[in-house]
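If you want the building blocks of each chain, they are given just below.
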Amino acid sequence: MTMAPVRLPEHLHHPFSPAGRTNPHPAYRWLRTHDPVHYDAASRLWLVTGHADCQTVLRDPRFSAAKGQRERARDDALPPSMLTTDPPDHHRLRAPGALLLGPSAVRSIAGDLARDVDELLDRLGRRPAAERPDAVADIGRPLATAVFGRLFGLPTAEYARFETLARAASINLDPMVPPARAALGRTAAAALTRHLDAHTATLTPGGSAAPLAAFAADDRLTRAEMLGVLNLAVVGGWQPLAELVGNALCTLLPDRAAVHRLAAADDASGEGGDAGGAGGDGGGEAARRAVDELLRLEAPVPFTARVTTDTVDLAGGTLPAGARVLAVISAANRDPAVFAAPDELRVDRHPNPHLAFGGGPHFCLAAQLVRQAGALLLPRLLRRFPGMRGPHGTPDWDRCLVPRRLRVFPVDLGVPGPDGTEPGTAEEDHR
């Protein structure tokens, strides 16, 4: 017997509609409660919204990432990389990728990146008081560009060109972008690949401390595979890292108690402890927990695609073979079965099994890099500008599906009080 498809109530916007894209959480909440394995007739996709079921989608080998990318709404092929392959090819590509994005690579750039962050904050401090910086364009993007500039060993004179190419190529993150913009994304990705190819050709094995030098010299990958992984690192890494800052400040700044707590935390530079330590709150652990919580609430990558290779029974329903599936990370990250007060910001939430970095064999290789960069920037930013405030009114969310991002987020840097603390009242601090 064929069942009639479940439809959202009329008072809720479809999460892929223009209005729904600005705030998809009410629709996801309803689906997670009433139809957690939901067939969406408009997109012909299955939306999986429960945390446990999303974990299965991300970990179970019956969900193919390679087919998930080939079955996107767009028909353009992505270059070979971890994103577009299943095991064993995925593992073969991922191991060399750790040379570029793994823990050792992160440690190798940490000192330089701390200086880059301080220079970024100095530039903000020199702006005229009446000129409000945009957290997206003036903080997030420069941070992401500095991170990748260090990873790739780019001369600072090339940062602007790299950022332009990275922004243009990141159109490819959105699987449902209109055809005209998809064509622009393909052109930009080709230009980015040529740019990275020319740059890696200038690197001498053993002659550069940049992680890219070791990665490009690894003979386990063909040149095409190496460039495909590089392209993925930029498209899937630069843009989400750039959007992290605006998304995080939008969530954080209204909660003054959370602002004070994060400002008081050690950053991820290693001051006050071992930056790589797993226990305690020293060396940026408290800041990294806050970054995880901010990512849980507004992940720049809100879902990931798979295709079933067999019939799969989930707790929330059954998926047929050949189903095009979205594991809706944004919904899973607010599942009350896993997270107490799921819509509430708790910067010290622990444990925090959010899925913003995916899971299983495709767990984001750059997860530590993103945590480290965010935990380095945010406490220093809030200490430097303790009176920072965001704009009033409804946040200006972009209409794109991926990444989940703000179009603009102008911030008032404020003026510190005479003792270095923020002017305000105790009542204001607890709003």
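This text goes with the structure placed above it.
Everything numeric in this text was worked out from a predicted model, so none of it was measured.

Engineer: I would appreciate a short explanation of the packing of helix H12 (residues 256-263) against helix H15 (residues 367-384) in the present structure.
Structural biologist: Packed helix pairs are characterised by how far apart their axes lie and by the angle those axes make with each other. Remark: H12 packs on H15, axes separated minimally by 8 Å, with the N-to-C direction vectors making an angle of 110°. By the angle class used here, H12 and H15 are roughly perpendicular. Where H12 approaches H15, its residues Val259, Leu262 and Ala263 are matched on the opposing element by Leu378, Pro379, Leu382 and Arg383. The residue makeup of the contact of H12 with H15, split by class, is 6 nonpolar, no polar and 1 charged.

Engineer: I'm lost on the sheet that holds strand E2 (residues 45-48) in this one. Help?
Structural biologist: Pairing between sheet strands relies on hydrogen bonds along the backbone, with the strands arranged either parallel or antiparallel. The strand order across the open sheet formed by 5 strands is E1-E2-E7-E4-E3, and the pairing between neighbours is mixed. Edge positions in the sheet fall to strand E1 (37-40) and strand E3 (63-64), since each of these pairs with one other strand and no more. The pairing of E3 with strand E4 (residues 303-308) spans 2 bridges and is antiparallel. Bridging from a neighbouring strand, Ser64 pairs with Val307 of E4. Sheet strands touched by helix H3 (residues 51-59): E1, E2, E3, E4 and strand E7 (324-328). Its angle to E7, the strand with the most contacts, is close to 125°.

Engineer: Sorry, what's going on with the packing of aromatic side chains here?
Structural biologist: Each pair of aromatic rings is reported with the distance of its centres and the angle of its planes. The final tally for this structure, using the stated rule, is 6 aromatic pairs. Ring plane angle 55° and centroid distance 5.2 Å describe the contact between Tyr39 and Trp46, whose orientation is recorded as tilted. With a relative accessible area of 31%, Tyr39 lands in the partly exposed category. Note on Phe357 and Phe363: the rings are 6.1 Å apart at their centroids and 65° apart in plane angle, and the pair reads as edge-to-face. In this structure Phe363 comes out as partly exposed when scored by relative accessible area, which is 31%. Among the aromatic side chains, those forming a connected cluster through ring pairs are Phe148, Phe152 and Phe162. Looking at Arg296, its charged tip hangs above the ring of Phe339, at a distance of 5.0 Å from the centre. The positively charged end of Arg404 is found above the aromatic ring belonging to Trp397, 3.8 Å away from the centroid.

Engineer: Teacher, can you tell me more about empty space enclosed by the protein here?
Structural biologist: Over the atoms, a rolled probe matching the size of one water molecule traces out where space is still vacant. The final tally for this structure, using the stated rule, is 3 cavities of 30 Å³ or more. For the largest cavity, the calculated volume is near 80 Å³. If you go around the largest cavity, the residues you meet are Pro15, Arg21, Pro24, Tyr28, Pro302, Ser330, Cys400, Leu401 and Arg404. Taken together, the residues of the lining of the largest cavity sort by class into 6 nonpolar, 1 polar and 2 charged.

Cut-offs and rules
For every chain, the first residue of the written sequence is number 1, and numbering continues from 1 along that sequence. Residue-level local features of this predicted model are given only where pLDDT is at least 70; pairs of side-chain atoms are given and counted only at 80 or more, and the full residue set underlies all totals for whole chains, interfaces and linings. Side-chain calculation: all heavy atoms of the structure are included, whereas hydrogens and water are not. Axis angles are defined between N-to-C directions and span 0 to 180 degrees, where every axis is a line fitted to C-alpha atoms and, for a helix, only to the segment in contact. A run of H or I in DSSP counts as a helix once it spans at least four residues, and a run of E counts as a strand once it spans at least two, with each numbered from the N terminus. Every angle not falling under 35 degrees, over 145, or within 65 to 115 is termed oblique; those three ranges are roughly parallel, roughly antiparallel and roughly perpendicular. Here a residue-residue contact requires only that any non-hydrogen atoms of the pair lie within 4.5 Å. Basically, the charged four are Asp, Glu, Lys and Arg, the nonpolar ten are Ala, Val, Leu, Ile, Met, Phe, Trp, Tyr, Cys and Pro, and anything else, Gly included, counts as polar. Note on pairing: DSSP must find at least two bridges between two strands before they are called paired. Here is the rule: rings of Phe, Tyr and Trp (six-membered ring for Trp) pair when centre to centre is within 6.5 Å. Planes less than 30 degrees apart are stacked, more than 60 are edge-to-face, and the remainder are tilted. Exposure classes here rest on a 1.4 Å probe applied to the protein chains alone. A residue is buried below 20% of its type maximum, exposed above 50%, and partly exposed in between. For a Lys NZ or an Arg CZ to count as sitting over a ring, it must be within 6 Å of the ring centre and within 35 degrees of the ring normal. We place a 1 Å grid over just the protein atoms. Points where a 1.4 Å probe fits but has no way out form a cavity, open points with protein on both sides within 12 Å along at least 5 of 7 lines form a pocket, and any residue with an atom within 4 Å of a point lines it. Grid points are joined across faces, edges and corners, and a volume is the space filled by probe spheres set on the points.

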